[in-house]
Every structure is written in structure tokens, then in C-alpha cells.
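In case you want the letters, here they are:
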Amino acid sequence: NQSMSVIPKSLIIVFTSFILISCGGGPSDDSNNNSSATNTAPVLQKVEALYAANNTSKTITLSATDAESGVLIFEAMTSEPNVSLALTGNVLTISPVATWVGISTITIDVSDGTLSDTDTFTFTSLEITMPPSVVSNNSIISTPPPIPSF
């Protein structure tokens, strides 16, 4: 007997991941042939809060280090269904729905397959409104200011 669960749209979390091979040296030369080498967790570089005008995507480069220079697996999740994430290599693009204004918590995780490091930051989509231009006798009397960049 199978049952089916329905997940409300408000609980859907966008999830994406990508595997990245860390740059650096190869395995160390262990003259004692000690097979119980210690693995240390990778360290994710902190991402600061991001801001963008509504209908504007932001792209950031994720960075992490691993003492063993192993394969690193990046994952990204958002708390907001109106924000989509695309992870290509270590480049994360955050894209809000065109009319959405608000704050999303983005969680980044990097793993070496055994140990991991996690960080969160906020992405804020701001409503930017432009004052109207006034046209009289086919000449512009006032022009809107430029859209600020964040």
C-alpha cells in the first residue's frame, strides 16, 4: 500500500550542486606508508550579503581550500522559491523572479566527500522605482536618475 505526500509550494527548496577538483599538489609522499592519513574538512570562503535591483541576477565565484587538495563538491540551496540558483563550476548565479522583492537565505556547502563546511548569506532583491519623465512640446523636462548598481 503506497501513500503519496503533497509538499506545499512554500516548502520547496531549490537545490543545486557541482563537483570541483581543487587545485594544488597531489597526494603526499608518506615514507612510513601510513594508511590512516588524517582528513581535514575543506574551508569555504565566506560570502557577504548580496543586494540587487529586482529582476537582476547576481553572479559570484565560490572559493574553498582543502588541505589534502582533493575533489571538492559545492552545493547551494535557497530558502525562497522565487529565487533560482545555477551552479557552473564554482560560479553561482542567483536569479530572482522578475517581480519578486524580498530576502532569501542562501546556504553554500563544500564537501570533500567525507567532511564539509557550510556558510549562509542573504540575497536581497530590492524594488527600484523610477520617477516618470515629463514631456512638454516634444522635449524632456526631467529625466529619471540612473538605476543604481550594487
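Residues numbered from 1 in each chain as written. Predicted model: local features only at pLDDT ≥ 70, side-chain atom pairs only at ≥ 80, totals over all residues. Heavy atoms only, no water.

### Some thoughts on the sheet that holds strand E8 (residues 91-96)
1) Next: In space, the three strands of this open sheet follow the order E4-E8-E7, with antiparallel pairing throughout. Pairing within the sheet leaves two strands with one partner each, and these edge strands are strand E4 (58-61) and strand E7 (83-88). Neighbour-to-neighbour, the strand axes of this sheet turn through a mean angle of 20°, independent of strand direction.
2) Next: Pairing analysis gives four bridges linking E4 to E8, with the strands arranged antiparallel. Bridging across to E8, Ile-60 finds its partner in Leu-92. (Pairing = 2+ DSSP bridges. Helix = DSSP H or I, 4+ residues; strand = E, 2+ residues; numbered from the N terminus. Axes fitted to C-alpha atoms, helices over the stretch in contact; angles between N-to-C directions.)

### A look at the confidence of the model for the chain
Atomic detail in the predicted coordinates should be set aside for any region of low pLDDT.
1) Next: With 62% of its residues at a pLDDT of at least 70, the chain reaches an overall mean of 77.
2) Next: This stretch, residues 1-15, has a pLDDT under 50; its non-local contacts, to residues over four places away or in other chains, come to 13 contacts.
3) Next: The low-confidence segment residues 20-35, where pLDDT is below 50, has 13 contacts with residues more than four positions distant or belonging to other chains. (pLDDT = per-residue confidence, 0-100. Contact = heavy atoms within 4.5 Å.)

### Topic: the nonpolar core
1) Next: If you look at the biggest cluster of nonpolar residues, it comprises 21 residues, and the most contacted ones within it are Leu-62, Phe-74, Leu-92, Ile-94, Ile-108, Phe-121 and Phe-123.
2) Next: Residue assignment for this core shows that the elements contributing at least two residues are strand E3 (50-53), strand E6 (71-78), E7, E8, strand E9 (102-111) and strand E10 (116-126). (Core = buried A, V, L, I, M, F, W, Y, C linked by side-chain atoms within 4.5 Å. Buried < 20%, exposed > 50% of the residue type's maximum accessible area, 1.4 Å probe, protein only.)

### Observations regarding unusual backbone geometry
1) Next: Positive phi outside glycine occurs at Asn-55, with the angle close to 70°.
2) Next: Structurally, Asn-55 is set in the loop between E3 and E4.
3) Next: Exposure remark for Asn-55: the relative accessible area of 53% places this residue in the exposed category.
4) Next: In this structure, Ser-69 takes a positive phi of about 50° despite not being glycine.
5) Next: Looking at the secondary structure, you find Ser-69 in the loop between strand E5 (64-65) and E6.
6) Next: With relative accessibility at 21%, the residue Ser-69 sits in the partly exposed group.

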